[in-house]
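Tertiary structure, described
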Amino acid sequence: MKSLLKLLPYFVRHKKKFYLGLLLVAVSSVFQVLMPVFVGNAIDQLRNGKATAGSLAMGGLWIVVTTLFSGFCFFLVRQNIIVASRLIEFDLRNDFLAHISRLSARFFQNTPQGEVMAYATNDINAVRNFVGPAVMYSADTIATMTMALAFMLGISPILTLLCLAPLPLMSFGVYLVGKRVHPLFDKVQEHFSDLTARTTESISGMRVVKAYVREEYEKNVFDKLSRGYFDKNMHLIKVQGLMMPIIVAFMGFSAVILVLVGGPMVMRKELSLGQFTEIMMYLGMMAWPFIALGFVTNMIQRADASMARLQKIFNMEPEIKNTETTDKNILKVAGTIEFKDVSFKYRPELDDALSHIDLTIPQGSTLAIIGRTGSGKSSLVGLIARLYDVTEGSITLDGHDLRTIPIETLRAAIGFVTQESFLFSDTIEKNIGFGGTAASMQEIAEAARIADIYDNILEFPAQFETMLGERGITLSGGQKQRTAIARAVARDPKILILDDSMSAVDTSTEERILRHLRRIMKDRTSILISHRVSTVKEADQIVVLDHGRILEQGTHAELLDKHGAYHDLYRKQLLEEALENA
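Attention here is on the structure that accompanies the text. (Residues numbered from 1 in each chain as written. Predicted model: local features only at pLDDT ≥ 70, side-chain atom pairs only at ≥ 80, totals over all residues. Heavy atoms only, no water.)

1. A short note on the overall build of the chain
Check the secondary structure of the chain and you find 21 helices and 10 strands. Taken over the C-alpha trace, the chain has a radius of gyration of 35 Å; the compact-globule value for 582 residues is 25 Å, which it surpasses by more than 25%. With respect to the principal axes defined by its C-alpha atoms, the chain has extents near 120 × 50 × 45 Å. Per-residue burial for the chain yields a buried fraction of 46% across its 582 residues. Considering only intrachain contacts with a sequence separation of at least 6, the fraction spanning at least 24 residues in the chain is 79%. Here the chain holds 62 positive side-chain charges and 61 negative ones, and the gap between their average locations is 9 Å. (Helix = DSSP H or I, 4+ residues; strand = E, 2+ residues; numbered from the N terminus. Rg over C-alpha atoms; globule rule 2.2 N^0.38 Å. Buried < 20%, exposed > 50% of the residue type's maximum accessible area, 1.4 Å probe, protein only. Contact = heavy atoms within 4.5 Å. Lys, Arg positive; Asp, Glu negative; His and termini not counted. Charge placed at Lys NZ, Arg CZ, Asp CG, Glu CD.)

Set out below in structure tokens:
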């Protein structure tokens, strides 16, 4: 239950609605427990022969008034407590998204997307059920039981205590069942995460599934996961299903005691028939609170399990963040980058992805990085944007260690086009303008021209207002890459990083893009990663990486004169082009 205490700040934030809701619960309960008094009085009047048409009508009117007013008050209870629970759900979901957006790239590499979705949907909804319905039903249970018990004790303390004698045993039975619910619900939520993760992957990779004719395989995998989710839910439901029989059975015992003990008391004139009826009605009223107790116990156990899962995420500290060493006076950067004996590994048990890198990239210059797959190219540029921090050595920007530059200042100065050209399910205009710099339509159009995607956009019926499918699936690979380049250019960055971002375009289109980029990046630092020599040969300096180390470094002409790895790669690509043109 400790995990639910973490919700206290959210309750405090909306305390006025909860206070008003709880007050209205009490008012509703007062009018609810008055109804048996009117019924009992009417029965006694009838038995004593004192009833008249007017007195019965007045009693009926009071019953209608109290019932309607109690119901109206409970409507207002829902308007306050349930609305407050929705506001807390809203706050919690926003806080969750804000927190995970601050977590480092490593979190998203190690956590399936479906699992994150399960946290944001099922777990937060389970918590909402606690802060809303569970709080409301708990308050109603306490208020109704307290007032009903007070009225019952006022009629006959002995009979009341005898009727309530089975209830402690019932509470203990409910507690034992509730204790089993927590771990079972935890397993259900974990399995739901696996199911969501697999479903998300299958839908995202549907083209691959179809291409390999693996629809039946995916169906069987989903069926197996879905069956497991079903089985775990059934196990949970069977345990939860014990609560209602326990509650009904013990309430039945109370009713039997009432008849066996209260009946003779009526016969001995120790209790009027009206009072007997009142106690019976109050006992019936107490049945619902105890039934609600079962619901509330389930909700609390589920919420506790879900909040514990959410708390694991909230307790995660971002690896990359501003610290006490951050110099908040650094508000802008120019673009001179220097690697000083930099080594980096993704996890302590793995080999170095980069090893003893010494490299200077002057402001306004273009650095090209080339090397075979897995040589460390993406790792190197990822360190510049502080997607990760160096393991050894340091990287400076304009003489400042990257770790002393505010993250928002550093990343605002970088236009980063990753290997995977991720686009959002939105218009082309909003995708290009996603950099957050409030680019005008004119600037967006100019960025599209530089990325050589402008003419393609004009061919679409809605042009820049064309809606893209999820991950930009409606565009070709080359169009996605060029749109991503336009997005980086529209940001007007001081540092432009293109991580193999023109692999899906032909060489003539690539040449046009590079020509445009050279024109706009004269005073800015550019870093190009490519497998093509044609992409990198005009760079101010070229670095050849191999196994995380700098193998060769120099201009295109200097590297050719060395007759090393770069020379071999250049000759091989010339030969390939000659064979293609033959």
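Read on, since the account is not over.
2. Points about the pattern of salt bridges
Overall, the coordinates contain 14 salt bridges when judged by the stated rule. Note that Asp-123 is salt-bridged to Arg-309, the shortest N-O span being 2.9 Å. Of this pair, Asp-123 sits in helix α5 (residues 113-155) while Arg-309 sits in helix α11 (residues 273-314), and the two are 186 residues apart along the sequence. Like Asp-123, the residue Arg-309 is buried in the burial classification. Between Arg-347 and Glu-349 there is a salt bridge, with its nearest N and O atoms 2.7 Å apart. When its relative accessible area of 39% is taken as the criterion, Arg-347 is described as partly exposed. For Glu-349, a relative accessible area of 56% puts it in the exposed group. In the salt-bridge network here, residues are joined through shared partners; they are Arg-86, Glu-89 and Arg-93. (Salt bridge = Lys/Arg side-chain N within 4 Å of Asp/Glu carboxyl O.)

3. Here we look at the pairing of strand β9 (residues 541-546)
In terms of burial, β9 is largely enclosed, as 5 of its 6 residues are buried. The pairing of β9 with strand β10 (residues 549-554) spans 5 bridges and is antiparallel. Across the sheet, the residue bridging to Val-544 is Glu-552, located in β10. Where β9 folds back onto β10 in an antiparallel hairpin, the turn is made up of 2 residues, including His-547, whose phi is positive at roughly 55°. (Pairing = 2+ DSSP bridges.)

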